[in-house]
Amino acid sequence: MPEVTLRDGTPADIDAMYALDLLCFDKPFRFDLRSMRKYATHPEAIVLIAESDGEIRKALHSAYVTTLDVHPHVRRRGIARALVAEAERRAAATGAVSMQLHVFTGNTDAIGFYESVGYQQLLLTEDFYSPGLDAFSYMKSLSTL
């Protein structure tokens, strides 16, 4: 496997981030380009890019993971784990004491992943994505980083 490096995202990455989001998520869970740009360019956003050979693969007191996208061809190689760990490290460095996120209740792979890296399920948010598409809210304390 080629070496993967992590770097800060820039506004120039947004189109590629959006394309990756389209590839990684079904329609009800995708961001539109305008929202992707809004979240990625927010002054307090931590945007990390994992790349290999120049290819993009794709967050105060509480930080929030808006989306985590890894190209299907390179999943299960530790990229998501590296992205989450670095986002947590950077969020903690800004003074965040926790990291939060939402996961579709039917996404068992994501649920298993987040639980394996220390996130705890807090509550169910009905209709989070759209009517009938619920999400679990997760949180992880960053005080041990």
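This text gives an overview of the structure that appears in the document. Predicted model only: the values in this text are computed from it and were never measured. (Residues numbered from 1 in each chain as written. Predicted model: local features only at pLDDT ≥ 70, side-chain atom pairs only at ≥ 80, totals over all residues. Heavy atoms only, no water.)

### Here we look at the sheet that holds strand β7 (residues 133–141)
The strand order β4-β5-β7-β6 describes an open sheet built from four strands, whose pairing is mixed. A single partner strand is all that each edge strand has here, and the edge strands are β4 (62–65) and β6 (120–130). With strand direction ignored, the average angle separating the axes of adjacent strands in the sheet is 30 degrees. When β4 meets strand β5 (residues 98–104), the two strands line up parallel, connected through four bridges. If you follow V65 over to β5, its bridge partner there is L101. Its contacts with the sheet put helix α4 (residues 108–116) on β4, β5, β6 and β7, and the angle it makes with β5 is roughly 160 degrees. (Pairing = 2+ DSSP bridges. Helix = DSSP H or I, 4+ residues; strand = E, 2+ residues; numbered from the N terminus. Axes fitted to C-alpha atoms, helices over the stretch in contact; angles between N-to-C directions. Contact = heavy atoms within 4.5 Å.)

### Examining unusual backbone geometry
If you check the backbone angles, R76 has positive phi at about 65 degrees while not being a glycine. As for its position among the elements, R76 is in the loop between β4 and α3 (79–93). For R76, a relative accessible area of 77% translates into the label exposed. Of note, the phi angle at D127 is positive, near 55 degrees, even though the residue is not glycine. Locating D127 in the fold gives a position in strand β6. (Buried < 20%, exposed > 50% of the residue type's maximum accessible area, 1.4 Å probe, protein only.)

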